[in-house]
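Given next are the chains, with one letter for each unit.
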Amino acid sequence: MTDLRAATPLVLVGAGKMGGAMLAGWLENGLDPKGVVLIDPAPPPEMAELIAGRGMTHVTAPPSDLKAAVIVVAVKPQVADAVLPGLAGLVGPGTVVVSVAAGKTLERLEAGIGPAAIVRSMPNTPAQVGRGITVAVANGRVTTPQKVLVTALLAAVGKVEWVAEEALIDAVTAVSGSGPAYVFHLVEAMAEAGRRAGLPDALAEKLARATVEGAGELLYQSPLDPATLRKNVTSPNGTTAAALAVLMGEAGLQPIMDAAVAAAARRSRELAG
Ligand SMILES: NC(=O)C1=CN([C@@H]2O[C@H](COP(=O)(O)OP(=O)(O)OC[C@H]3O[C@@H](n4cnc5c(N)ncnc54)[C@H](O)[C@@H]3O)[C@@H](O)[C@H]2O)C=CC1
Ligand SMILES: O=C(O)[C@@H]1CCC=N1
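Residues numbered from 1 in each chain as written. Chains lettered and ligands numbered in written order. Predicted model: local features only at pLDDT ≥ 70, side-chain atom pairs only at ≥ 80, totals over all residues. Heavy atoms only, no water.

For the protein, an unreviewed UniProt entry supplies the name Pyrroline-5-carboxylate reductase and the organism Prosthecodimorpha hirschii. Its UniProt record, at the heading Sequence similarities (unreviewed entry), says of the protein: "Belongs to the pyrroline-5-carboxylate reductase family." Of the protein, the UniProt comment under Subcellular location (unreviewed entry) reads exactly: "Cytoplasm". (UniProt positions renumbered as here; feature names shortened; annotations may be inferred.)

Structure below.
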């Protein structure tokens, strides 16, 4: 079983919301902070604190004297093309590059960093609490041991799926990469609907948040599928049935979700550049 020590030296390029969430998860799971080199000219303040507190090396540009075991590229897709060529010097014969950038194809990544073992992946921010899910696709240069190493790294912050067909990553991005935002928006919408139904602000927010937290945890712990869990809430001719007649109706959630996921997948394809 590959442990996270094999991932060092690990160079994390960009410690913002996604890179920072993964880094927090890795440290929680035993990655040696001394083996981490963070490249970020302007990490968010909470990351700067974590970096200093855990003794990680922090630089603002790629060092010239290092070959990485793993390079995780977690900068915005819009800056990836500019950043990638500067990382080429960190690539040695054993290095595997893992990109989390939305839209950036394996071909585009290789055009930027040069010939290398590259994994294109799509994680999500629940990685911060070890409950992310990442889908990954490898180029032809990734060896089996590198795939095992990347799996260990990604598995330290949640579930991992590999796909052989790169085109699936756009839909993956639209469902699980962006998906946490849809769930957080559901909380906002439920709270707002509660306020409009007469609840005081604080109570509406508390009820919406606790309901999604609890339903998520129940889904996590239960062996039942979501449809069964939904039916377990729904008494015949009761209040839930009345609400679901709206949510599952013709103008309900499904067509809205279809449109949202299609829009995100389209944007992912555009971000290829
Ligand atoms: N936020 C999310 O939920 C998810 C984001 N992603 C992907 O993760 C990547 C990063 O997104 P976020 O973390 O949300 O953005 P962010 O803006 O929070 O983080 C980007 C980080 O990159 C740093 N950076 C900028 N220029 C740099 C450079 N030249 N060298 C090194 N670091 C540099 C910034 O200072 C910042 O800390 C994007 O490609 C995005 O598509 C993927 C899955 C989910
Ligand atoms: O919004 C974005 O583009 C990134 C990719 C998936 C989640 N956040």
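Picking up after the structure, the text goes on.
Turning our attention to the site of ligand 2. Taken together, Ala-102, Gly-177 and Ser-178 make up the full set of residues near ligand 2. In the complex, the protein chains occlude 48% of the 250 Å² of accessible area that ligand 2 would expose alone. (Near = heavy atom within 4 Å. Areas by Shrake-Rupley, 256 points an atom, 1.4 Å probe, with all protein chains shown as cover.)

Taken together, the side chains of Leu-247, Met-248, Leu-253 and Ile-256 present a nonpolar region at the surface, about 390 Å² in accessible area. The residue Met-248 is located in the loop between α10 (239–247) and α11 (253–270) in this model. (Patch = residues over 30% accessible without salt bridge, like charges linked within 9 Å, V, L, I, M, F, W, Y side chains within 5 Å. Salt bridge = Lys/Arg side-chain N within 4 Å of Asp/Glu carboxyl O. Helix = DSSP H or I, 4+ residues; strand = E, 2+ residues; numbered from the N terminus.)

On to helix α8 (residues 201–221). Spanning 21 residues, α8 covers 30 Å between terminal C-alpha atoms, matching the ideal 30 Å at 1.5 Å per step. Buried-residue contacts for α8 involve α7 (179–196). (Expected span 1.5 Å × (residues − 1). Contact = heavy atoms within 4.5 Å.)

A separate point is the pattern of salt bridges. Evaluated as defined, the whole model comprises 11 salt bridges. Across the pair Lys-104 and Asp-81 runs a salt bridge whose closest N-O atoms are separated by 3.4 Å. On the criterion of sequence distance, the pair formed by Lys-104 in the loop between β5 (96–99) and α4 (106–113) and Asp-81 in helix α3 (residues 77–83) is long-range, its members being 23 residues apart. Given a relative accessible area of 2%, Lys-104 falls into the buried group. Ionic pairing is found between Glu-192 and Arg-196, a salt bridge with its closest N-O pair at 2.8 Å. You can see Glu-192 and its partner Arg-196 sitting in helix α7, 4 residues apart, about one turn around the helix. Judged by its relative accessible area of 70%, Arg-196 is exposed. (Buried < 20%, exposed > 50% of the residue type's maximum accessible area, 1.4 Å probe, protein only.)

Here we take up the site of ligand 1. Around ligand 1 sit 22 residues, and of these Lys-17, Met-18, Asp-40, Val-75 and Ala-102 come closest. Here an oxygen atom of ligand 1 sits 2.7 Å away from a polar atom, N or O, in the main chain of Met-18. Between ligand 1 and Lys-76, the relevant distance is 3.2 Å, taken from an oxygen atom to a side-chain nitrogen or oxygen of the residue. Starting from 830 Å² of accessible surface for ligand 1 in isolation, the protein chains cover 79%. Contributing elements (two or more residues each) for the shell around ligand 1: α1 (17–28) and α3. Its residues assigned to classes, the shell around ligand 1 comprises 16 nonpolar, 3 polar and 3 charged. (Polar contact = N/O pair within 3.5 Å; in protein donor to acceptor, adjacent residues only side chain to side chain. Nonpolar A, V, L, I, M, F, W, Y, C, P; charged D, E, K, R; others polar.)

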